[in-house]
Amino acid sequence: MSTEPATPAPESLPTNAADETTISSDTFQAAVRRSEALWKDIPANPHKYRVLTGDRPTGSLHIGHLFGSLQNRVKIQNLGVTTFIVIADYQVLTDRETADNVATNVREIVLDYLAAGLDPENGRTFIFPHSHIPALNQLLLPFLTFVSLPELDRNPTVKEEIRAAGLRQINALMYTYPVHQAADILSVKGNIIPVGKDQLPHLELTRKLARRFNTRFPAEPAVFPEPDALLSETPVILGLDGGQKMSKSRGNAIMLKATAEETAKLLKSAKTDSNRQITFEPETRPEVANLLRLVSLCTGRAPEAIAAEIGDGGSGKLKALLTEALNAYLAPLRAKRTELAKDPGYVAGVIQRGVERANAEAEATLAAVRKAMGMFYC
Ligand code: TRP
């Protein structure tokens, strides 16, 4: 990267448009290309890679999460890649004042992970809340010295979250959590990061922090890897109200833990259009296309073929088909979830094991960081 300053002093941290965190289309395209190359290489070389990804524990997960990200994680895990899943509990506080229900939400999200097929019993999948990893949190301090205020201020995902939450007062963690997210990733030396496109600015920042640290504090081997995003091939699942994104808070989501009856009821109320002839036209008929895509994801059949079969059966027939397909598809996951939920000690044990491993990783990383910085005296 030719624009990267060799040893960025605080006053020379980049503030020019060319090096901002708002990612340019070139940077975006490059990330997409690297992601595609990775998808090809991972099956052949799973041991080169280490996954770190995660979620904010703001509630339980829905089918948008399942098709958009959980299945990706499970797929890579099952290729033999060591997998760390961070539950970003501190990050909950970026857009709300209290972490009410955080313990419940953490438990719920872990149940969703396990039901979807993340498997801590395989000895290489670890699930941990970052609040329990002191060394990870300490990495935030040196990392903050490698990023300028204007750089933080320009992050488009942060801007969008501020807008979406309608915040009148913005706390400093809202601006700095992308740096904390870099600490999540780099504390365990994650090098492939399965995320949605909205997370690319954070990934670019993480890459910069790794480069800037390695340049400023050279070590042999370099302290940090430069992680890559691994983008999902599944298009974003829209909300049932036709909204841009499925989300629990907008009430347009089918939760993984919903019952078959709740699922049927929600799908009945899903927005469609008045054209009885069902066709797959994502541009002009996004709501119908979204439901067809969901049937496709559950059955493995092409959305066009499903549309042709429904013909002039209208949205009623489409919804009936989807209800049946989705409930059948989710049945094993939901059964497993119900089973696991009966034993609260199991989830706690999974977290405990994740915390132990993440602490060991983060402590080793922090030791390497302090060594590279010359900060050890006794
Ligand atoms: N910011 C992510 C989100 O809102 C969650 C997250 C926290 C994360 N730390 C991470 C994602 C590290 C990937 C890697 O969804």
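Preceding block: the structure.
Our subject in this report is the structure included herewith.

Procedures and definitions
- Residues numbered from 1 in each chain as written.
- Predicted model: local features only at pLDDT ≥ 70, side-chain atom pairs only at ≥ 80, totals over all residues.
- Heavy atoms only, no water.
- Helix = DSSP H or I, 4+ residues; strand = E, 2+ residues; numbered from the N terminus.
- Rg over C-alpha atoms; globule rule 2.2 N^0.38 Å.
- Buried < 20%, exposed > 50% of the residue type's maximum accessible area, 1.4 Å probe, protein only.
- Contact = heavy atoms within 4.5 Å.
- Lys, Arg positive; Asp, Glu negative; His and termini not counted.
- Charge placed at Lys NZ, Arg CZ, Asp CG, Glu CD.
- Salt bridge = Lys/Arg side-chain N within 4 Å of Asp/Glu carboxyl O.
- Pairing = 2+ DSSP bridges.
- Right-handed = clockwise from strand over helix to strand, strands pointing away.
- Bend = angle between axes of the 7 residues up to and from the residue.
- Near = heavy atom within 4 Å.
- Polar contact = N/O pair within 3.5 Å; in protein donor to acceptor, adjacent residues only side chain to side chain.
- Areas by Shrake-Rupley, 256 points an atom, 1.4 Å probe, with all protein chains shown as cover.
- Nonpolar A, V, L, I, M, F, W, Y, C, P; charged D, E, K, R; others polar.
- Core = buried A, V, L, I, M, F, W, Y, C linked by side-chain atoms within 4.5 Å.
- Phe/Tyr/Trp six-rings, centres within 6.5 Å; stacked < 30°, edge-to-face > 60°.
- Lys NZ or Arg CZ within 6 Å of the ring centre and 35° of its normal.
- Axes fitted to C-alpha atoms, helices over the stretch in contact; angles between N-to-C directions.
- Parallel < 35°, antiparallel > 145°, perpendicular 65-115°, else oblique.

**Quick look at the overall build of the protein chain**
Regarding its fold elements, the protein chain presents 13 helices and five strands. Computed over C-alpha atoms, the radius of gyration of the protein chain comes to 22 Å, within 12% of the 21 Å expected from 2.2 N^0.38 for 378 residues, which places it in the range of a compact globule. Each principal axis of the C-alpha distribution contributes one length, and for the protein chain these read about 75 × 50 × 50 Å. Taking all 378 residues of the protein chain together, the buried fraction comes to 50%. The long-range share in the protein chain, meaning contacts at least 24 apart out of those at least 6 apart in sequence, stands at 78%. Averaging the positions of the 43 positive and the 43 negative side-chain charges in the protein chain gives two centres separated by 1 Å.

**Some points on the pattern of salt bridges**
Opposite charge on two side chains permits them to pair, given that their charged atoms come into close proximity. Under the counting rule described, the total for this entry stands at 23 salt bridges. Across the pair R337 and E108 runs a salt bridge, and its minimum N-O distance is 2.9 Å. Here E108 lies in helix α3 (residues 102-116) and R337 lies in helix α12 (residues 314-341), a separation of 229 residues in the sequence. Residues joined in a network through salt bridges with shared partners are R34, E204, R207, R211, E226 and D228.

**A look at the pairing of strand β1 (residues 50-55)**
Most of β1 is tucked away, with five of its six residues classed as buried. The sheet contact formed by β1 and strand β2 (residues 82-87) spans six bridges and is parallel. Among the inter-strand pairings, V51 is bridged to a residue of β2, identified as T83. Regarding the hand of the β-α-β motif, the stretch spanning β1, helix α2 (residues 63-78) and β2 is right-handed.

**Here we look at α2**
Within α2, the axis deviates most sharply at L70, by approximately 40°. Among all positions of α2, only I63, G64, L66, F67, S69, L70, N72, R73, V74, I76 and Q77 are buried.

**Quick word on the site of the ligand**
Close to the ligand lie 13 residues; A88, Q91, Q181, D184 and Q199 are nearest. Within the side chain of D184, a nitrogen or oxygen atom sits 2.7 Å from a nitrogen atom of the ligand. Within the side chain of Q199, one N or O atom sits 3.1 Å away from a nitrogen atom of the ligand. When isolated, the ligand has an accessible area of 360 Å², and the protein chains bury 89% of it. For the shell around the ligand, a count of residues per class yields six nonpolar, five polar and two charged.

**As for the side chain of R73**
Structurally, R73 can be placed in helix α2. Note on R73: relative accessible area 2%, which makes it buried. Filtering out sequence-adjacent residues up to four positions away, R73 remains in contact with T53, G54, D55, I85, Y113 and L118.

**Focus: unusual backbone geometry**
In this structure, the amide linkage connecting E220 to the following residue, P221, adopts the cis form with an omega of -5°. Relative to the helices and strands, P221 is located in the loop between α8 (200-216) and β5 (228-231). Residue N101 is not a glycine yet carries a positive backbone phi of 65°. By the element assignment, N101 lies in the loop between β2 and α3.

**Considerations on the pairing of strand β4 (residues 192-195)**
Because side chains alternate across β4, one face comprises the buried residues I192 and P194, and the other comprises I193 and V195, equally buried. Across four bridges, β4 lies against β5 in parallel orientation. Following the sheet pairing, P194 is matched in β5 by L230. Handedness of the crossover joining β4 and β5 through α8 is recorded here as right-handed.

**Describing the nonpolar core**
The biggest cluster of nonpolar side chains holds 90 residues, and the ones touching the most others in it are I63, V110, Y113, F128, F143, L292 and L326. Among residues more than four places away in sequence, those in contact with I63 are M246, I254, L256, L294, L326 and L330. Among the nonpolar cores identified, the runner-up in size contains nine residues, and Y49, V51, V81 and L230 belong to it.

**What about the packing of aromatic side chains?**
Tallied over the full model, the rule gives eight aromatic pairs. An aromatic cluster is present here, built from F143, F146, F213, F217 and F224 joined pairwise through their rings. Sitting over the face of the ring of W39, K75 holds its NZ or CZ atom 4.7 Å from the ring centroid.

**Looking at the packing of α3 against helix α13 (residues 344-373)**
Remark: α3 packs on α13, axes separated minimally by 10 Å, with the N-to-C direction vectors making an angle of 85°. Here α3 is positioned roughly perpendicular relative to α13, judged by the angle of their axes. For the pair formed by α3 and α13, the contact residues are V106, R107, V110, L111 and L114 on the first element and P344, Y346, V347, V350 and I351 on the second. Here the contact of α3 with α13 is built from residues that sort into nine nonpolar, no polar and one charged.

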